[in-house]
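Letter by letter, the chains look like this.
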Amino acid sequence: MLSDGGFWIVQILNSLQLAMLLFLLSVGLTVIFGLMNFVNLAHGSLYAAGALIGYSVSMWTGSVWWAYLLAPVAVMALGWALYGLVIDRMRKAGPMNQVLVTFGLIFVLMDVQRYIWGTDQVGVQNAPFSGSIEILGQIYPEYRLFIIAVGLGVFALLYLSLEYTRLGAEVRAGVDDAETASCLGVNVERTFLIVFLIGCALAGLAGAVALPAFSAEAGMGIAILIPTLVVVVVGGLGSLTGALAGSLLIATTLTFGQVFLPKFAGILMYALLVVILLVRPQGLFPARS
Amino acid sequence: MTGRATFRHLFAAATFIALGVYWTQAGYFGHEILAEIAVFAILAMSLDLIAGYAGLVSLGHAALFGTGAYLFAFFSVVLGWPVGLSMVAATAATGMIALVVGSVVTRVHGIFFIMITLAIGEMGHEFFFKNRTLGGDDGFAGIERLDLTWIGLDLNTPATFSMTLIVVALVIYLALNRLIASPFGAVLHGLHDNTTRMRALGLPVRRYQTSAFALSGTIAAFAGTLTAQHTMFISPKLLHWTLSGEVLVMVILGGLGTLAGPVVGAATLVFLRHELSDMTQYWGFWLGLFLVLIVMGGRNGIIGWAEWAWRKLPGGNRGAPADENTQGEEKGAADAAR
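Sequence order as written defines residue numbering, which begins from 1 separately in each chain. Chains and ligands are labelled by the order in which they are written, letters from A for the one and numbers from 1 for the other. Reporting of local features is limited, given that this is a predicted model, to residues whose pLDDT is at least 70; pairs of side-chain atoms are given and counted only at 80 or more, and all residues count toward the totals for whole chains, interfaces and linings. Computation of side-chain values covers all heavy atoms of the structure but excludes hydrogens and water.

(A) Inspection of the overall build of chain B at higher detail. Along the backbone of chain B there are 14 helices and 2 strands. A compact globule built from 338 residues should have a C-alpha radius of gyration of about 20 Å, and chain B, at 20 Å, falls within 12% of that. Overall, the C-alpha framework of chain B stretches about 60 × 50 × 40 Å when taken along its three principal axes. Relative accessibility thresholds used throughout: buried, under 20% of the residue-type maximum; exposed, over 50%; partly exposed, between the two (1.4 Å probe, protein chains only). Per-residue burial over chain B gives 55% buried out of 338 residues. Should any heavy atoms of two residues lie within 4.5 Å, those residues are considered in contact. If you take every contact in chain B between residues at least 6 apart in sequence, the share linking residues at least 24 apart comes to 75%. Per-residue and other accessible areas follow the Shrake-Rupley method at a 1.4 Å probe size, with only the shown protein chains counted as cover for residues. Carbon and sulfur atoms form 66% of the exposed surface of chain B, whose accessible area is close to 13900 Å². Only four residue types enter the tally: Lys and Arg on the positive side, Asp and Glu on the negative side, with His and both chain ends excluded. The location of each charge is read from NZ of Lys, CZ of Arg, CG of Asp or CD of Glu. Charged side chains in chain B number 19 positive and 20 negative. The centres of these two groups are separated by 11 Å. A run of H or I in DSSP becomes a helix once it reaches four residues, and a run of E becomes a strand once it reaches two; helices and strands are each numbered from the N terminus. A radius of gyration in this sense is built from C-alpha atoms; the matching globule rule multiplies 2.2 Å by the number of residues raised to 0.38.

In structure tokens form, the structure reads like this:
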């Protein structure tokens, strides 16, 4: 098994695919974290919402492509509602109250999802790239390659916008030093809202993209939340590179841990987090130097 | 200080009396609820000790609770030790674990403290989830209750068992109140309000935080040995971070840093869960909404609202809890600044 090149390629692709999903989720979370020190535990519930809304959209329209387009928009709208009702008011309330309020939102959103979509798993059949390709004698589903491509595409897009657009510069300034940025005329509040909404849309996109591969159910957000939080802390708050590096590291740990040490795969991830927090609490690639 | 303390003692007394009255009326199911309330009241008070007084908000508290339950089951069922000895051994062993964990986690602060306790707690969950000797994800059954027939208590009778647990919770409430009033309690208060100033005063800050964490973990583990005897069945769910979150909800719901609050919070939440889950399958929705509103309401849970209402009552100037309330708000501001 170990000397088989196909085995390694498949595992590496699996890691990459999981890493890209984690990246889509963690990037929004990490920038909000870095920009405003806001902890949003309900971020995983937005991922679940993306998958479930994507399911309904693809049922109505008969095409998963519409789901990729509309689920992020719908989740962004949901995020906007949450922002207006709850998050904006909790901005200065300290990490503990934010953790509690967003913990409450997890329960609310999960039951709303159970009310609308029921408790069963739902999936779609007519996804694009449903075929398989052969890599060194191993059959591999094309759709997972598509997930990897989406993740890399989003990373490239975000990287370019962060480096070369005015909004990107404002975000970087805000993460680096919100007060000074504000003094220099950057509307940090507005930047924060835009970044928050983009983060919500990306969580919705992650859900819609994951739907054909993993199917969807209410409560899937809780399972993905912890690895996402681990990615954010390991990668370093507020950092795009950190989110990518953290996602790759955690996805590799989880995937290969599952193969070689099935008993300890989960423990490995947490152990990694504890070590990072103790040795390098600012994370691998912190946005603030 | 006296005014607020008295008010809270009265609040706790009223809760315990209400539980006692309910006990006289309760049937089999009522006694099950009462036993659950007592266990969670103890667990919530232990969390309040670190979260409310020392300012250490842990999302891994359930892991210590669950470890206590699992070690108790391991000692009493797998090794066949006497039940009483198993309780002591499991509580002490988990307390030692909490001491080690506490000495590590107190190195980080704020949201990182929340994350590191979450991670270490989940490691514990994962360990028992995969451990086949103790049933893994199927859970573990066949646990026996303590034999107290030699003093005339048959704990296998639901009414006796629930009353015993309520009395134990009351004793722990009184003991923790004594602790909070002691110099040690004063240091914890100080750590919550201003860690830097306490360090400047020359106090070994981390040693105090670690001791508080270890003590809190020991009490949580003791609660774990009680829940194992209550349900006579344990599962890795006891260690999951969402249970830590729920216990934190009880503390917040009742009133953080009040000791009486967690008792009120545990009673309210356990009771509502049983009542509401009969009426609606969407109990989580109401729980979540309730939590959001309580935290956004800006007062310190049920106790905070009660103190506010007491102050606002027409007729007479009840100044006593009033000046305390401003202190509470300052505390909130200090939290926010962290």
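Next comes the rest of the account.
(B) Just the environment of Val188(A), in detail. Tracing the backbone shows Val188(A) in helix α8 (residues 188–214). When sequence neighbours within four positions are dropped, the list of residues in contact with Val188(A) reads Met36(A), Ala178(A), Ala181(A) and Ser182(A).

(C) Region of interest: helix α1 (residues 5–36) of chain A. Residues and elements named next belong to chain A. Between the first and last C-alpha of α1 there are 45 Å, a value that for 32 residues agrees with the 46 Å anticipated at 1.5 Å per step. Here the bend at a residue means the angle between the axes of two seven-residue stretches, the one that ends at it and the one that starts at it. A maximum bend of about 35° is found in α1 at Ser26. In terms of burial, α1 is a largely internal element, 26 of the 32 residues being buried. Remark: Asn37 follows α1 within two positions and exhibits a positive phi of approximately 55°. Each helix should span, by expectation, one fewer than its residue count multiplied by 1.5 Å.

(D) Seen up close, the interface of chain B and chain A. Contacts between the two partners involve 41 residues from chain B, matched on the other side by 43 residues from chain A. Note on definitions: salt bridges are taken to be side-chain nitrogens of Lys or Arg within 4 Å of carboxyl oxygens of Asp or Glu. The tally of links from chain B across to chain A stands at 0 salt bridges. Distance and chemistry together define a polar contact, namely a pair of N or O atoms within 3.5 Å, with one atom able to donate a hydrogen and the other to accept it when in protein, and with adjacent residues in sequence counting only for side-chain atoms on both sides. Linking chain B to chain A there are 4 residue pairs in polar contact (both at pLDDT 80 or more). Sorting the residues of the side of chain B that touches chain A by element identifies α5 (110–130), α10 (241–254), α12 (283–297) and α14 (320–337) of chain B as the ones contributing at least two each. At 13 residues, α5(B) tops the list of elements feeding residues into the side of chain B that touches chain A.

(E) Here's a closer look at the pattern of salt bridges. Residue and element names in this part refer to chain A. This structure, assessed with the given rule, holds 11 salt bridges over all chains. Between Glu170 and Arg190 there is a salt bridge whose closest N-O contact spans 3.6 Å. Remark: Arg190 occurs in helix α8 and Glu170 occurs in helix α6 (residues 166–176); sequence separation between them is 20 residues. Where salt bridges share partners, they join Asp88, Arg91 and Glu189 into one cluster.

(F) Examining the layout of surface pockets more closely. By volume, the second largest pocket is sized at about 940 Å³. Elements with a contribution of two residues or more to the lining of the second largest pocket: α1, α9 (220–235), α10 (240–260) and α11 (265–279) of chain A together with α5 of chain B. It is α9(A) that contributes the most residues to the lining of the second largest pocket, 6 residues altogether. Residues are sorted three ways: Asp, Glu, Lys and Arg are charged, Ala, Val, Leu, Ile, Met, Phe, Trp, Tyr, Cys and Pro are nonpolar, and all the rest, Gly among them, are polar. Within the lining of the second largest pocket, the residues separate by chemical class into 17 nonpolar, 10 polar and 5 charged. A cavity here means a set of points on a 1 Å grid, drawn over the protein atoms and nothing else, where a 1.4 Å probe fits but cannot get out; a pocket is an open set with protein on both sides within 12 Å along at least five of seven lines, and a residue lines either one if it has an atom within 4 Å of a point. Grid points are joined across faces, edges and corners, and a volume is the space filled by probe spheres set on the points.

(G) Region of the structure containing the UniProt feature "transmembrane region" (unreviewed entry) in chain A. Residue and element names in this part refer to chain A. According to UniProt, the positions carrying the feature "transmembrane region" (unreviewed entry) are residues 12–34, 41–60, 66–87, 99–117, 143–162, 192–214, 220–248 and 260–279. For residues 143–162, the helix share is 100%, the strand share is 0%, and the end-to-end C-alpha distance is 28 Å. Counted over residues 260–279, helix gives 80% and strand 0%. Its end C-alpha atoms are 26 Å apart. UniProt positions are given in the numbering used here, feature names are shortened, and annotations may be inferred rather than shown by experiment.

(H) Quick look at a nonpolar patch on the surface. On the surface, a cluster of nonpolar side chains totalling about 520 Å² of accessible area is made up of Trp8(A), Ile12(A), Phe260(A), Leu261(A), Phe264(A) and Leu268(A). Within the fold, Leu261(A) resides in the loop between α10 and α11. Nonpolar side chains (Val, Leu, Ile, Met, Phe, Trp, Tyr) within 5 Å and like charges within 9 Å form the patches, drawn only from residues with over 30% relative accessible area and no salt bridge.

(I) Representation of the UniProt feature "transmembrane region" (unreviewed entry) in chain B within the structure. All names here are of chain B. With numbering aligned to this structure, UniProt lists the feature "transmembrane region" (unreviewed entry) at residues 6–24, 33–56, 62–85, 165–191, 212–235, 247–272 and 284–306. In the segment residues 62–85, helix accounts for 83% and strand for 0%; the C-alpha atoms at its two ends are 23 Å apart. For the annotated span residues 247–272, helix accounts for 81% and strand for 0% of the residues, and the straight-line distance between the end C-alpha atoms is 14 Å.

(J) Spotlight on the confidence of the model for chain B. All names here are of chain B. A residue's pLDDT is the confidence the predictor assigns to it, expressed on a 0 to 100 scale. Predicted confidence across chain B gives a mean pLDDT of 88, with 92% of residues reaching 70 or more. Taken together, the stretch residues 320–338 has pLDDT below 50 and engages in 26 contacts with residues farther than four places along the chain or on a different chain. Reported confidences for the modelled complex are a pTM of 0.88 and an ipTM of 0.85.

(K) Representation of the pairing of strand β2 (residues 138–141) of chain A within the structure. Residue and element names in this part refer to chain A. By the convention used here, strands pair only if DSSP detects at least 2 bridges between them. For strand β1 (residues 132–135) and β2, the ladder comprises 4 bridges, and the chain directions are antiparallel. Each residue of the ladder has a partner; that of Ser132, found in β2, is Pro141. Once β1 ends, the chain turns through 2 residues before running back antiparallel as β2, passing Leu136 with a positive phi of about 45°.

(L) Structural detail: unusual backbone geometry. Notably, Phe129(A) is not glycine yet its phi reads approximately 55°, a positive angle. Along the chain, Phe129(A) falls in the loop between α4 (94–117) and β1. The class for Phe129(A) is partly exposed, based on a relative accessible area of 37%. Phi angles above zero are rare outside glycine, and Leu259(B) is one such case at about 65°.

(M) Local environment of the environment of Ser132(A). All names here are of chain A. On the secondary structure map, Ser132 appears in strand β1. The exposure class assigned to Ser132 is partly exposed, which follows from its relative accessible area of 45%. C-alpha separation for the pair Ser132 and Ile147, spaced 15 residues apart in sequence, amounts to 14 Å. Filtering out sequence-adjacent residues up to four positions away, Ser132 remains in contact with Ile139, Tyr140, Pro141 and Glu142.

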